Amino acid sequence: MEWLTDPFEVTFVQRALWGGVLVSAICALTGTWVVLRGMAFLGDAMSHGLLPGVALAALLGGNLLVGALLSAAVMTAGVTALGRSPRLSEDTGIGLLFVGMLSLGVIIVSRSQSFAVDLTGFLFGDVLAVREQDLVLLGGALLLALGVSVLGHRAFLALAFDPRKAQTLGLRPRLTHAVLLGLLALAIVASFHIVGTLLVLGLLIAPPAAALPWARSVRGVMVLAALLGVTATFGGLLLSWHLSTAAGATVSALAVGLFFLSHLASGIRHRHRRRDRDRRDRRRARSVGIRPAATD
């Protein structure tokens, strides 16, 4: 029992756990729509697109969070504008912005000789360095994400499954898409200093994708995704403590592992259900005197 509780008696691990719980909830609210709409590449591009703002803020001695917000705003505006071009596919526009912003960030980083540690923190995060003010910011981000998700649920749902119907219903799909991009930017900016930009997609995509086969509604996916994210956070911090591994990477790796376990279990369940259905069909066929066809 001490193996489970000892790490969480340390103050900075407790803060890391609370930070991971809040990030998991934010990513569950946003990541569900990312998974349903197939926006994983956009999420990856958005996370890497933060580099110029973060690098410039660090170079000038400013607030990294403000720099990340500015970069996220540029990425959001760029994706929205390029998405309206009839001659350019959305993936092409996202890819160009991704490469452009990442290149600009590397150029800014190359102007400084003391960026190695800061860049490593940007890429991989430091969940064990969460401060009390970080928890306050994450709490505010969670409330904002929850408010946007509740108010925009109907529009997001229509956009995810039938954009044309959303237009017919007067839900303004372009505006809804822009708001969804803003929600994605909020999740990434709130999370990058906890698990880093390279690992934020682990909590943004893996828990909702793992929850998808088991939930019966979008809200169900969000709730289950949050629980899976919290499980990955707790288990990742526990393993990191005992195995002396990078905490953020361990959390994200465990989240991805839960995704594969979920889909393996879902596949087994599907095969069992299909087998039971075939047996029932054969029994019904025999009961009415029909000889069922041979199956492999």
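Residues numbered from 1 in each chain as written. Predicted model: local features only at pLDDT ≥ 70, side-chain atom pairs only at ≥ 80, totals over all residues. Heavy atoms only, no water.

### A closer look at the overall build of the protein
Heads up, the condition is: Numbering of helices and strands runs from the N terminus, with a helix taken as a DSSP run of H or I at least four residues long and a strand as a DSSP run of E at least two residues long. A 1.4 Å probe rolled over the protein chains alone gives each residue an accessible area, and that area as a share of the maximum for its type sets the label: buried under 20%, exposed over 50%, partly exposed in between. Note on areas: Shrake-Rupley, 1.4 Å probe, and residue coverage restricted to the protein chains presented here. The charge count includes Lys and Arg as positive and Asp and Glu as negative, but it does not include His or the ends of the chains. Here the site of a charge means NZ on Lys, CZ on Arg, CG on Asp, or CD on Glu.
Counting secondary structure elements, the protein contains 14 helices and zero strands. Start at the N end of the protein and walk to the C end: the helices and strands fall as α-α-α-α-α-α-α-α-α-α-α-α-α-α. Each principal axis of the C-alpha distribution contributes one length, and for the protein these read about 85 × 60 × 35 Å. Within the protein, the proportion of its 296 residues that are buried is 44%. For the protein, the computed accessible surface area is about 15,900 Å², with 64% contributed by carbon and sulfur atoms. Across the protein, 26 positive and 15 negative side-chain charges occur, with their mean positions spaced 16 Å apart.

### Examining the environment of M222
As a reminder, the rule being used: Two residues qualify as a contact provided that any one of their heavy atoms is within 4.5 Å of a heavy atom in the partner residue.
With respect to the element layout, M222 can be found in helix α13 (residues 218-243). Take M222: its relative accessible area is 11%, and that puts it in the buried class. Among all residues touching M222, those that are not within four sequence positions of it are A28, L29, T32 and W33.

### Looking at helix α11 (residues 173-195)
Under the convention used in this document: Here a helix's expected span is defined as the number of its residues, less one, multiplied by 1.5 Å.
With 23 residues, α11 ought to run about 33 Å at 1.5 Å a step, and its terminal C-alpha atoms sit 32 Å apart, in line with that. Of all 23 residues in α11, 17 are buried; the element is thus mostly enclosed.

### Overview of the pattern of salt bridges
Applicable threshold: When a carboxyl oxygen of Asp or Glu is within 4 Å of a side-chain nitrogen of Lys or Arg, the pair counts as a salt bridge.
Under the defined criterion, the tally for this structure stands at one salt bridge. Between R131 and D134 there is a salt bridge; the shortest N-O distance is 3.3 Å.

### A word on a nonpolar patch on the surface
Rules: Distance thresholds for patches are 9 Å for like charges and 5 Å for nonpolar side chains (Val, Leu, Ile, Met, Phe, Trp, Tyr), applied to residues having over 30% relative accessible area and no salt bridge.
Together, M1, W3, L4, F234, L239 and L243 make up a nonpolar patch on the protein surface, roughly 630 Å² of accessible area in all. Elements represented by at least two residues in the nonpolar patch include exactly α1 (2-5) and α13. The greatest single-element share of the nonpolar patch, amounting to three residues, is contributed by α13. Tracing the backbone shows L239 in helix α13.

### Overview of the packing of aromatic side chains
Condition: Classification of ring pairs uses Phe, Tyr and Trp, with its six-membered ring standing for Trp, and accepts pairs whose centres are within 6.5 Å; under 30 degrees between planes counts as stacked, over 60 as edge-to-face, and the remaining range as tilted.
Scanning all chains against the criterion turns up four aromatic pairs. Seen from their ring centres, F8 and F234 are 4.6 Å apart, and the 10° between their planes marks the pair as stacked. In this pair, F8 sits in the loop between α1 and α2 (11-36) while F234 sits in helix α13, placing the two residues 226 residues apart along the sequence.

### Some points on the confidence of the model for the protein
How we decide: Per-residue confidence from the predictor is reported as pLDDT, a score between 0 and 100.
On average, residues of the protein score 83 in pLDDT, and 90% of them are at 70 or above. The secondary structure element of the protein with the lowest average pLDDT is helix α7 (residues 116-124), at 61, and the one with the highest is α13, at 94.

### Points about helix α12 (residues 200-211)
Every α-helix winds through 3.6 residues per turn, so residues three or four apart in the chain are directed the same way. Here α12 contains 12 residues, and its C-alpha end-to-end distance of 18 Å stays within 8% of the 16 Å for a straight helix at 1.5 Å per residue. V200, L201, G202, L203, L204, A206, P207, P208, A209, A210 and A211 are the residues of α12 that are buried.

### Overview of the nonpolar core
Here is the rule we go by: Residues belong to a common nonpolar core when they are buried Ala, Val, Leu, Ile, Met, Phe, Trp, Tyr or Cys residues joined through side-chain atoms within 4.5 Å.
Counting residues in each nonpolar core, the largest one holds 69 residues, and the members touching the most others are L42, L50 and L184. Tallying contributions element by element places α11 first for this core, with 13 residues.

### Thoughts on the packing of helix α3 (residues 40-48) against helix α6 (residues 90-110)
Condition: Fitted lines through C-alpha atoms serve as axes, helices being fitted only where they are in contact, and the angles separating the N-to-C directions of these axes extend from 0 to 180 degrees. Any angle that falls under 35 degrees is termed roughly parallel, while one over 145 is termed roughly antiparallel, one within 65 to 115 roughly perpendicular, and all others oblique. Helix crossings fall into two classes, left-handed where the near helix is turned counterclockwise from the far one by less than a right angle and right-handed where it is turned clockwise. Side-chain classes are defined by residue name, with Ala, Val, Leu, Ile, Met, Phe, Trp, Tyr, Cys and Pro counting as nonpolar, Asp, Glu, Lys and Arg as charged, and the others, Gly among them, as polar.
Running from N to C, α3 and α6 cross one another at 20°; their axes reach a closest spacing of 9 Å. On the basis of the axis angle, α3 is roughly parallel to α6. Both α3 and α6 take part in a crossing whose hand is left-handed. Judged by residue contacts, F41, L42, D44, A45 and H48 of α3 engage D91, I94, G95, F98 and L102 from α6. Among the residues forming the contact of α3 with α6, the class breakdown is six nonpolar, two polar and two charged.

### Notes on the packing of helix α9 (residues 153-161) against α11
The interhelical angle for the contact between α9 and α11, taken along N-to-C directions, is 105°, at an axis separation of 10 Å. Considered as vectors, α9 and α11 are oriented roughly perpendicular to each other. Facing α9, whose interface residues are A155, F156 and L159, α11 presents P173, T176, H177, V179, L180 and L183.

### Focus on a positive patch on the surface
Together, R271, R274, R275, R277, R280 and R283 give the surface a local cluster of positive charge. With respect to the secondary-structure elements, R274 resides in helix α14 (residues 247-287).

### Details of the side chain of S262
Short version of the rule: Polar contacts, as counted here, are pairs of nitrogen or oxygen atoms within 3.5 Å of one another; within protein the pair requires one atom able to donate a hydrogen and one able to accept it, and residues that are adjacent in sequence qualify only if both atoms are side-chain atoms.
Residue placement: S262 occurs in helix α14. Residue S262 is classed as buried on the basis of its relative accessible area of 10%. Among the polar contacts made by the side chain of S262, one reaches the main-chain carbonyl oxygen of A210 at a distance of 2.5 Å. Sequence-distant contacts of S262, that is, excluding residues within four places in its chain, are made with A210, P213 and W214.

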